[in-house]
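Take a look at the letters that make up each chain.
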Amino acid sequence: MRLIVLSGGTGTPKLLVGLQKVLPSSEVTVVANTADDLWISGNLVSPDLDSVVYTLAGMIDRGKWWGIEGDSFKTHEFLKGLGRRELLSLGDLDRAVHIFRSELLREGLSLSDATQSLSRALKVEERVVPMTNDPVSTLISTPEGEMDLQEFWVGRGGRAEVTGVRYRGIEEARPSPGFVTALERAAEEGEPVLIGPSNPVSSIGPILALRGVRDLLGGGGGEIPVVAVSPLVGGRPVSGPAAKFMRAQGYPVTDQAVAEILGCVDLMVVSLKSDYPGPSVRLDTVMRDGADSTRLAEEIVEVLEMVGRRKMGEKEGEKERG
């Protein structure tokens, strides 16, 4: 089974650990959010894209779910001693990746090309593509003013009240060629899309907001089976500022609201005690370790196959009625 996974950071990379064990690597395309990207000390840092690549390369720091396991921070600390403030704590190996990417971009390559080169260098067999090659930034409105997502969450600890979220540059941005190709193939072949358990507003939201993406997905009722894994357990996000962002967008923190924000889902995977009233499957969605990730991945693949068969049956029924 071929599968497209829409990914932010933390939650979806955890699930990718399991999917790697369940599906052939050549059959998986991961589309990563790039609206968190920012330039630090002359290099482009792509937090969600990097977390995906590091996870698939088997080098992610599983204690934090960002950065590289066992990395040192000598350059970051030395820069701090020189009076240079960096918004993110960048490890030395992690920084080497940013230099690698940024040099390719300065040579005129696209972010997609640079990501492909990085994946090849790190022996990642899955296809990893950025959501877009164009600059998009998630901006958070607070009583203290509008700020970049990383400034809000890392620089200021996510403490400020959130009054709004927007994606700067989203109107001009186009989905990356690899993303479009994967969606067109999925529509033609009836292959599924899995929306991972990442922040629905700041991680998945920008991907779906790209021009034409929802049309290609068919609004959850088209040719492509779309299954989403809720990032909520017991009415709360497992990690991150999803609750603040959902409320700022006028939504309660519920699985129903997650489904409404995404807006293109055939079926939701929700936690065991969820009260979501729509089409759903209830599973233990907490991933405490690799075994949990693998167990959940196996269960989700079964769900995807079920939804795919249902879609195929509906399509055949329409043909007979026609």
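Residues numbered from 1 in each chain as written. Predicted model: local features only at pLDDT ≥ 70, side-chain atom pairs only at ≥ 80, totals over all residues. Heavy atoms only, no water.

Visitor: Honestly, the packing of helix α1 (residues 11-22) against helix α2 (residues 47-56) in this entry has me stumped. Any pointers?
Guide: The description of two helices packed together rests on the angle between their axes and the distance between the axes. Packing of α1 against α2 brings their axes to within 9 Å, and their N-to-C directions diverge by 30 degrees. Judged by the inter-axis angle, α1 sits roughly parallel to α2. Where α1 crosses over α2, the handedness of that crossing is right-handed. Each of P13, L16, V17 and Q20 in α1 lies in contact with α2, whose residues at this interface are S51, V52, T55 and L56. For the contact of α1 with α2, the residue count by class is five nonpolar, three polar and no charged. (Axes fitted to C-alpha atoms, helices over the stretch in contact; angles between N-to-C directions. Helix = DSSP H or I, 4+ residues; strand = E, 2+ residues; numbered from the N terminus. Parallel < 35°, antiparallel > 145°, perpendicular 65-115°, else oblique. Left-handed = near helix turned anticlockwise from the far one by under 90°. Contact = heavy atoms within 4.5 Å. Nonpolar A, V, L, I, M, F, W, Y, C, P; charged D, E, K, R; others polar.)

Visitor: Sorry, what's going on with the packing of aromatic side chains here?
Guide: Each aromatic ring pair is specified by the distance between its two centres and by the angle formed by the two planes. In total, this model carries one aromatic pair according to the counting rule given. In this structure, K64 packs its charged tip against the face of W66, placed 3.9 Å from the ring centre. (Phe/Tyr/Trp six-rings, centres within 6.5 Å; stacked < 30°, edge-to-face > 60°. Lys NZ or Arg CZ within 6 Å of the ring centre and 35° of its normal.)

Visitor: Is there a simple way to think about the sheet that holds strand β7 (residues 145-148) in this case?
Guide: What holds strands together in a sheet is hydrogen bonding between their backbones, with the strands either parallel or antiparallel. Taken together, the three strands give an open sheet; going across it, the order is β7-β6-β8, and neighbouring strands pair in antiparallel fashion. At either margin of the open sheet sits one strand with a lone partner, and together these are β7 and β8 (164-168). Taken pair by pair, the neighbouring strands of this sheet meet at an average axis angle of 30 degrees, ignoring direction. Where strand β6 (residues 137-142) and β7 come together, four bridges link them in antiparallel fashion. The partner of L139 across the bridge, within β7, is D148. (Pairing = 2+ DSSP bridges.)

Visitor: Can you walk me through the pattern of salt bridges in this structure?
Guide: When the charged atoms of two side chains with opposite charge come close together, those side chains can pair. Here the structure, examined in full by the defined rule, presents 17 salt bridges. Note that E151 and R85 form a salt bridge whose closest N and O atoms lie 3.9 Å from each other. Of this pair, E151 sits in helix α6 (residues 149-155) while R85 sits in the loop between α3 (74-81) and α4 (92-106); the two residues are 66 residues apart in sequence, bridging distant segments of the chain. Assessed through its relative accessible area of 57%, R85 is described here as exposed. Between E103 and R106 there is a salt bridge; the shortest N-O distance is 3.0 Å. In this pair, E103 and R106 are both assigned in helix α4, three residues apart and thus about one turn of the helix distant. Its relative accessible area of 39% is what places E103 among the partly exposed residues. Assessed through its relative accessible area of 47%, R106 is described here as partly exposed. (Salt bridge = Lys/Arg side-chain N within 4 Å of Asp/Glu carboxyl O. Buried < 20%, exposed > 50% of the residue type's maximum accessible area, 1.4 Å probe, protein only.)

Visitor: Whenever I open this one, unusual backbone geometry confuses me. Can you help?
Guide: Peptide bonds are trans in most cases, and residues, glycine excluded, mostly fall at negative phi. Within the chain, S41 stands out as a residue other than glycine whose phi angle is a positive 50 degrees. Relative to the helices and strands, S41 resides in the loop between β3 (38-40) and β4 (43-45). Judged by its relative accessible area of 31%, S41 falls in the partly exposed class. For W65, which is not a glycine, the phi torsion comes out positive at approximately 65 degrees. One can find W65 in the loop between α2 and α3.

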